[in-house]
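In case you want the letters, here they are:
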Amino acid sequence: MSGGKTGDFEGLLYPSPIRDYGNIYKPNNKMEDEKLNEKYVTDVHTKEIDLINRDPKHLNDDVVKVDFEEVIAEPEGTHSFDGVWKASFTVFTVSKYWCYRLLSGLFGIPLAIIWGIYFAILTFIHIWAVMPCIKSYMIEIQCISRVYSICIHTFCDPFYEAVGKMFSGIRVSMQKEV
């Protein structure tokens, strides 16, 4: 691309070139200093995945709390043998861990494909069907609202002004007769 420079792009697979003289769609529009902070676009499909914190937005904090202490608890006065309690904890934790791993290994990728297709379809429908319908509806309603406003101002305003002037001449006075 002519007139562009690429510079150092560490860690970016598809760096976007910056043009000296502005946007390719608006060539005479110079980039401002605030926009220079977002110079380069990274590919969203190759972003780094955090393998430690797998729920950074805390989506499942209140739903999937199934630790041993939150499922099985012995109140005061009814305690099993310490060995049974420790073995129960170990069996519960290990079986939950491996069962989850097995199920996610078997069904995780197929479900990821299904959910990916579902959200792709949902996004497609929203972008290409819902928003254009809403936008066209808003344009049509705006036209109708202007016609409605003109009708109200033409027919109702003079009527209510006349009624207002008619009742504005009425004077009520209160006199106390003794």
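Everything numeric in this text was worked out from a predicted model, so none of it was measured.

Description of the overall build of the protein
- Each helix and strand counted, the protein has two helices and two strands in total.
- For the protein, the succession of helices and strands along the chain, N to C, is β-β-α-α.
- Taking all 178 residues of the protein together, 3% fall into the buried category.
- Considering only contacts in the protein between residues 6 or more positions apart, those separated by 24 or more positions represent 25%.
- Total accessible area computed for the protein in this model is approximately 16,800 Å², and 64% of it derives from carbon and sulfur atoms.

A short note on the UniProt feature "transmembrane region" (unreviewed entry) in the protein
- Following the UniProt record, one finds the feature "transmembrane region" (unreviewed entry) at residues 106-129.
- Counted over residues 106-129, helix gives 100% and strand 0%. Its end C-alpha atoms are 35 Å apart.

What about the packing of aromatic side chains?
- All chains considered together, the criterion is met by nine aromatic pairs.
- With a centroid separation of 5.1 Å and an interplanar angle of 75°, the aromatic rings of Tyr118 and Phe119 are classed as edge-to-face.
- Measuring from ring centre to ring centre gives 6.4 Å for Phe124 and Trp128, while their planes differ by 35°; the resulting arrangement is tilted. Highlighted residues: Phe124 and Trp128, both in helix α2 (residues 82-168), separated by four residues, approximately one helical turn. Across the pair, Trp128 and Phe124 agree in class, each one exposed.
- Every member of this aromatic cluster is reached through a ring pair, and the members are Phe68, Trp85, Phe89 and Phe92.

Focus: the state of the cysteines
- Tallied over the entire structure, the rule returns zero disulfides.
- Cys156 forms no disulfide, and the closest cysteine sulfur to it belongs to Cys151, at a distance of 8.9 Å.
- By relative accessible area, Cys156 is classed as partly exposed at 27%.

Describing the pattern of salt bridges
- By the definition in use, this model includes one salt bridge.
- Asp67 is the partner of Lys96 in a salt bridge, and the nearest nitrogen-oxygen pair spans 3.8 Å. Here Lys96 is found in helix α2, whereas its partner Asp67 is found in the loop between β2 (18-19) and α1 (68-71), with 29 residues between them in sequence.
- According to the relative accessible area criterion, Lys96 is partly exposed, its value standing at 32%.
- Its relative accessible area of 39% is what places Asp67 among the partly exposed residues.

Conventions adopted
- Residues numbered from 1 in each chain as written.
- Predicted model: local features only at pLDDT ≥ 70, side-chain atom pairs only at ≥ 80, totals over all residues.
- Heavy atoms only, no water.
- Helix = DSSP H or I, 4+ residues; strand = E, 2+ residues; numbered from the N terminus.
- Buried < 20%, exposed > 50% of the residue type's maximum accessible area, 1.4 Å probe, protein only.
- Contact = heavy atoms within 4.5 Å.
- Areas by Shrake-Rupley, 256 points an atom, 1.4 Å probe, with all protein chains shown as cover.
- UniProt positions renumbered as here; feature names shortened; annotations may be inferred.
- Phe/Tyr/Trp six-rings, centres within 6.5 Å; stacked < 30°, edge-to-face > 60°.
- Disulfide = S-S within 2.5 Å.
- Salt bridge = Lys/Arg side-chain N within 4 Å of Asp/Glu carboxyl O.

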